[in-house]
Amino acid sequence: MKRVLTIQDISCLGKCSLTVALPVISAAGSETVILPTAVLSTHTMFQGVTFRDLTEDILPITSHWKKEQIQFDGIYTGYLGSIEQVDLILQVMAEFGQGNTVKIVDPVMADRGKLYTGFNMTFVEKMKELCAAADVVLPNITEASFMTELPYKEDYGEDYIEELLLQMSAFCKGKIGLTGVSFGADEIGVMVYDTQTGTFFRYFTKKYPVAFHGTGDIFASTVTGALMKGKNIEDAFAVAVDFTAEIIRVTLENPNHRTYGVDFETALPYLWRRLSMDKE
Ligand code: PXL
């Protein structure tokens, strides 16, 4: 069984970061090792959030793993709270990310044209360093526009999306998957640029006219789980797009769904079936 390390916060309530990465990667069939970077009472869309920083624990935890000669097949990073943490995670990536370890970075810091609470342009610059260390980078359009300093657009065509990806390739190697791309009212998906081959590919599905918190973390966790399961990069993105859409479908079917996150639990059997059915 593949072993994945995922590094992000625990938002105790909120259906995001580690509370979705753990179940999704596990359901995709890999052992999931966690490195929690902070404990928050909820995600930061709530008011009055408590925040326990775990920066000081990062290196003691990873040193213990080193002594135990632990290795990882994949390392996936999500929400990180400070520049200092990004520096530490760069060290962790360098130490545990050698050889065939697949490094996936979701540069979580912004959405819908705005940085999340607590982030600024210095953090954006730092995040580019982490992206540079990754094999697969998964920004949304807002994050890509902050990192490339291209204007954020809600109405755009293929030229804009390709430009974002090309400018991202100035500091990313590997594959860049731009998430939440929509060229028409009824489709949404991912546009991917392979910086090694200079080629683009895309995968789209039906768009529901809603936006839910935490879907970016589910998407990134699914890409990670699918890659660990041996899917190639195109198939991993296709599974992630379809699973995210399936989650939104089942969430909307539930008249009592939570406002702060999606019913991914209901759709976990879909992920398992899909990953077991698809031929490798
Ligand atoms: O879903 C991304 C995320 C993760 N962790 C925390 C967040 C957010 C987005 O707002 O606030 C704490």
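Analysis parameters
- Residues numbered from 1 in each chain as written.
- Predicted model: local features only at pLDDT ≥ 70, side-chain atom pairs only at ≥ 80, totals over all residues.
- Heavy atoms only, no water.
- Patch = residues over 30% accessible without salt bridge, like charges linked within 9 Å, V, L, I, M, F, W, Y side chains within 5 Å.
- Areas by Shrake-Rupley, 256 points an atom, 1.4 Å probe, with all protein chains shown as cover.
- Salt bridge = Lys/Arg side-chain N within 4 Å of Asp/Glu carboxyl O.
- Lys, Arg positive; Asp, Glu negative; His and termini not counted.
- Charge placed at Lys NZ, Arg CZ, Asp CG, Glu CD.
- Helix = DSSP H or I, 4+ residues; strand = E, 2+ residues; numbered from the N terminus.
- Buried < 20%, exposed > 50% of the residue type's maximum accessible area, 1.4 Å probe, protein only.
- Pairing = 2+ DSSP bridges.
- Right-handed = clockwise from strand over helix to strand, strands pointing away.

Participant: So what exactly am I meant to see when it comes to a negative patch on the surface here?
Facilitator: Together, Asp 53, Glu 56, Asp 57 and Glu 84 make up a negatively charged patch on the protein surface. In this structure, Glu 56 sits in helix α2 (residues 55-67).

Participant: I would appreciate a short explanation of the pattern of salt bridges in the present structure.
Facilitator: Between side chains of opposite charge, pairing is possible as soon as their charged atoms come close. Inspection of the entire model under this criterion finds 10 salt bridges. For Glu 265, the salt bridge is made with Lys 15, and the minimal N-O distance between the two is 3.0 Å. Here Glu 265, found in helix α9 (residues 264-277), pairs with Lys 15, found in the loop between β1 (3-13) and α1 (18-27); they are 250 residues apart in sequence, far enough to count as distant. Using a relative accessible area of 40% as the deciding quantity, one classes Glu 265 as partly exposed. It is possible to trace a salt-bridge network through shared partners that takes in Asp 87, Lys 126 and Glu 129.

Participant: How should the pairing of strand β2 (residues 31-42) be read in this particular structure?
Facilitator: Looking along a regular strand, one sees side chains alternate from face to face of the sheet. Sheet analysis places β1 next to β2, joined by nine bridges and oriented parallel. For Ser 11, the partnering residue across the bridge sits in β2 and is Leu 40. Remark: the β1/α1/β2 crossover connection has right-handed handedness. Bridge analysis of β2 against strand β3 (residues 51-53) gives three bridges, and the strand direction is antiparallel. Bridge pairing in β3 places Leu 40 opposite Phe 51.

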